[in-house]
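For reference, the chains in residue letters:
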Amino acid sequence: MKRIRTFQKRKMFVLVLLIFSLMLFLAGRLTWIMIFKSEFYGQKAEDLHERERSIKAARGEILDRNGVVLASNQSVCTISVIHAQIEDAETVIRVLSEELDMSEEAVRERVEKVSSIERIKTNVSKETGDAILAWDLAGVKVDVDYRRYYPYDELASRVIGFTGSDNQGILGLEVMYDEYLAGTAGKILTLTDASGIEIEAAGERRQEPTDGSNLVVSLDYNIQCYVQQAAEKVMEQKEADAVSVILMDPQNGEILAMANVPEYNLNDPFTLTAEGTENLSDEETQELLNEMWRNPSVSDTYEPGSTFKVVTTAAALEENLVSLDESFYCPGYKLVEDRRIRCHKTTGHGSETFTEAIMNSCNPVFIELGLRLGASAFYRYFEQFGLLEKTGVDLPGEAATIMHAEDAVGQVELATISFGQSFQITPMQLITTVSSLVNGGTRITPHFGVRVEDAEGEVTETFSYDEEENLVSEETSETIRYLLEKVVSEGTGKNGAVEGYSVGGKTATSQTLPRSENKYIASFIGFAPAEDPQVIGLVVIYNPQGTYYGGTIAAPVMQEIFEDVLPYMGIARAG
């Protein structure tokens, strides 16, 4: 009996000790929370009853070189509802349905959904947003927002690109310079009670957004208009599939204009421009949209044809393999191994000097130069001229040159490469390379971005671009300018001549693959003034109907553009 009482006392003592220890632990923990962690848990409690609404930052504008706004913003509204605060659901549904031109079913589904906040519609006009505010409906929120707006719709659409519903860049310059243009969103923070009702006395806390910076680009609105109109005109006349035109300063790589028609409406980028696009699957529609948005000047490759003879000429001159008065004979073809590779003039040019050969765009003569160079030397110049690397232009999706591996180049491949066939480059690569050969021998980086400015116009960053000097000697560059001026003044490029100006240039007519489809590409590259190039342009016409020769249909497009652009740029006529 005594032993039992002793055991019970011990048991009671242990129980009391455990209870006391637990109380000490709880008291210590409570002290720790209330004193040392009060700020942390206070913030947690506040966050639990804090509702957040985003305030979009105004996206920076895109401005041309003269300050013309190419991309801006329009004030719009986002309409949302807070389920817990709605007092008259039927009135809310009726008003929002009428004002937002939505079905009652669609609005009801969102209004009756139990969530902290439900978005009804975005990109609502400011007038409609103000009308909804005037109803003073409990639980309905109208927040000011921004929608990207392009004042000139289709102008340079494949260059500028567009933004998504979140105002982030998707394509073109909009995505390449998004880090400067986007800005930082702000917040509206409101306190609510446990049921989700906003506490009026608590008010709102705002974290103001930081607007994006403005981007100044090298495009010139007026030059872009000249170029785009000329491209649209020849596309319609020749019923071509597409036309691309690039205009650039060959001295520093600033791109003054880039048209890729047909363009699309930047304010309505998800509507297909092509005919016969009804009843398509989602996959087919997306494929056509991707094609519509694609920039062929940068992302598509093609056989450059005879415009590439400028590169062959530069390499041969650098190697001292040809002189301007050297005599050649063209019977209308040249035998290379077992192949008879013909000239575009099947009856032949007969006896001619090298100067006359480039004026005549004579294939057999350039085949001879290619064979003299040999694959090893030719590829060394491809690398030296930058042809085996991308140009680095500040647009997404630039394609690389498609070229044979050097060890796979036999005599026939070397012959066809020498006059611009059996490999592919982008229009951007061709105009960049020719710029480097006529500007004195400096490889420039083609670009649009010039500088970044704040809202007050203060420059916050100026972009710089890589250059590589001595690609060719000044003597070789001067000779090329001389030869290409002769092509325009007396040779196949006569239709690119502009009265009162010295113009250099080269024509080309190439065939697309497969050859059996008999589809052609007509092109012309030209620059002025020939003795000191200030502007260089490339016209590429895809699958023109009827006459398809570059000298006949592409050179006149550049002539028309230069007639407008050269006086506009302040380049004086000779004499």
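Let me sum up the structure you'll find in this document. Small disclaimer: the values here were computed from a predicted structure and weren't measured. (Residues numbered from 1 in each chain as written. Predicted model: local features only at pLDDT ≥ 70, side-chain atom pairs only at ≥ 80, totals over all residues. Heavy atoms only, no water.)

On to the overall build of the chain. Helix and strand counts for the chain come out as 18 helices and 19 strands. A separation threshold of at least 6 residues defines the contact pool for the chain, and within that pool the share at least 24 residues apart is 71%. Of the roughly 27800 Å² of accessible surface on the chain, a fraction of 48% belongs to carbon and sulfur atoms. (Helix = DSSP H or I, 4+ residues; strand = E, 2+ residues; numbered from the N terminus. Contact = heavy atoms within 4.5 Å. Areas by Shrake-Rupley, 256 points an atom, 1.4 Å probe, with all protein chains shown as cover.)

Residues Asp282, Glu283, Glu284, Glu287 and Glu291 make up a contiguous surface patch of negative charge. If you trace the backbone, glutamate 284 turns up in helix α10 (residues 282-293). (Patch = residues over 30% accessible without salt bridge, like charges linked within 9 Å, V, L, I, M, F, W, Y side chains within 5 Å. Salt bridge = Lys/Arg side-chain N within 4 Å of Asp/Glu carboxyl O. Lys, Arg positive; Asp, Glu negative; His and termini not counted. Charge placed at Lys NZ, Arg CZ, Asp CG, Glu CD.)

Here we take up helix α18 (residues 550-568). Under the 1.5 Å per step criterion, the end-to-end length of α18 is 26 Å for 19 residues, consistent within 8% with the ideal 27 Å. Along α18, the largest kink reaches about 30° and is centred on phenylalanine 562. Buried residues of α18: Gly550, Gly551, Ile553, Ala554, Ala555, Val557, Met558, Ile561, Phe562, Val565 and Leu566, and no others. Turning to α18, the residues buried within the fold contact α9 (221-238), β9 (242-248), β17 (504-511), β18 (520-528) and β19 (535-542). Downstream of α18 by one or two residues, glycine 570 has phi in the positive range, about 80°. (Expected span 1.5 Å × (residues − 1). Bend = angle between axes of the 7 residues up to and from the residue. Buried < 20%, exposed > 50% of the residue type's maximum accessible area, 1.4 Å probe, protein only.)

Looking now at the sheet that holds β17. The five strands are arranged β10-β9-β19-β18-β17 in an open sheet whose pairing can be described as antiparallel. This sheet does not close on itself; its edge strands, each paired only once, are β10 (255-261) and β17. Neighbour to neighbour, the strand axes of the sheet diverge by 5° on average, direction disregarded. Where β17 and β18 come together, eight bridges link them in antiparallel fashion. Counterpart to serine 510 in the pairing with β18 is isoleucine 521. Where helix α16 (residues 427-438) meets the sheet, it contacts β9, β10, β18 and β19, and its direction lies at approximately 150° from that of β19. (Pairing = 2+ DSSP bridges. Axes fitted to C-alpha atoms, helices over the stretch in contact; angles between N-to-C directions.)

Helix α14 (residues 363-384) packs onto helix α12 (residues 309-318) with a crossing angle of 70° between their chain directions and a minimal axis gap of 9 Å. Viewed along their axes, α12 and α14 adopt a mutual orientation that is roughly perpendicular. The handedness of the crossing between α12 and α14 comes out as left-handed. Only Asn363, Phe366, Leu369, Leu373, Phe378 and Tyr381 of α14 make contact with α12, whose side of the interface consists of Lys309, Thr312, Thr313, Ala315, Ala316 and Glu318. When grouped by side-chain class, the residues that make up the contact of α12 with α14 number seven nonpolar, three polar and two charged. (Parallel < 35°, antiparallel > 145°, perpendicular 65-115°, else oblique. Left-handed = near helix turned anticlockwise from the far one by under 90°. Nonpolar A, V, L, I, M, F, W, Y, C, P; charged D, E, K, R; others polar.)

Where helix α3 (residues 89-100) contacts helix α5 (residues 126-134), the axes come no closer than 10 Å and their chain directions differ by 160°. One way to sum up the angle between α3 and α5 is to call them roughly antiparallel. The two elements α3 and α5 meet at a crossing, and its hand is right-handed. Residue-level contacts link Leu96, Glu99 and Leu100 of α3 to Thr128, Ala131 and Ile132 of α5. Residue composition of the contact of α3 with α5, by class: four nonpolar, one polar and one charged.

Attention now goes to unusual backbone geometry. Of note, the amide linkage connecting leucine 513 to proline 514 takes the cis form, showing an omega dihedral of -5°. Turning to its location among the elements, proline 514 is positioned in the loop between β17 and β18. At the junction of alanine 528 and proline 529, the peptide bond is cis and its omega measures out at -20° in the coordinates. When you line up the elements, proline 529 lands in the loop between β18 and β19. Positive phi is not limited to glycine here, since alanine 156 has a value of about 50°. Looking at where alanine 156 falls in the secondary structure, it is placed in the loop between β5 (140-149) and α6 (157-160).

Keep in mind these values describe shape, not function.
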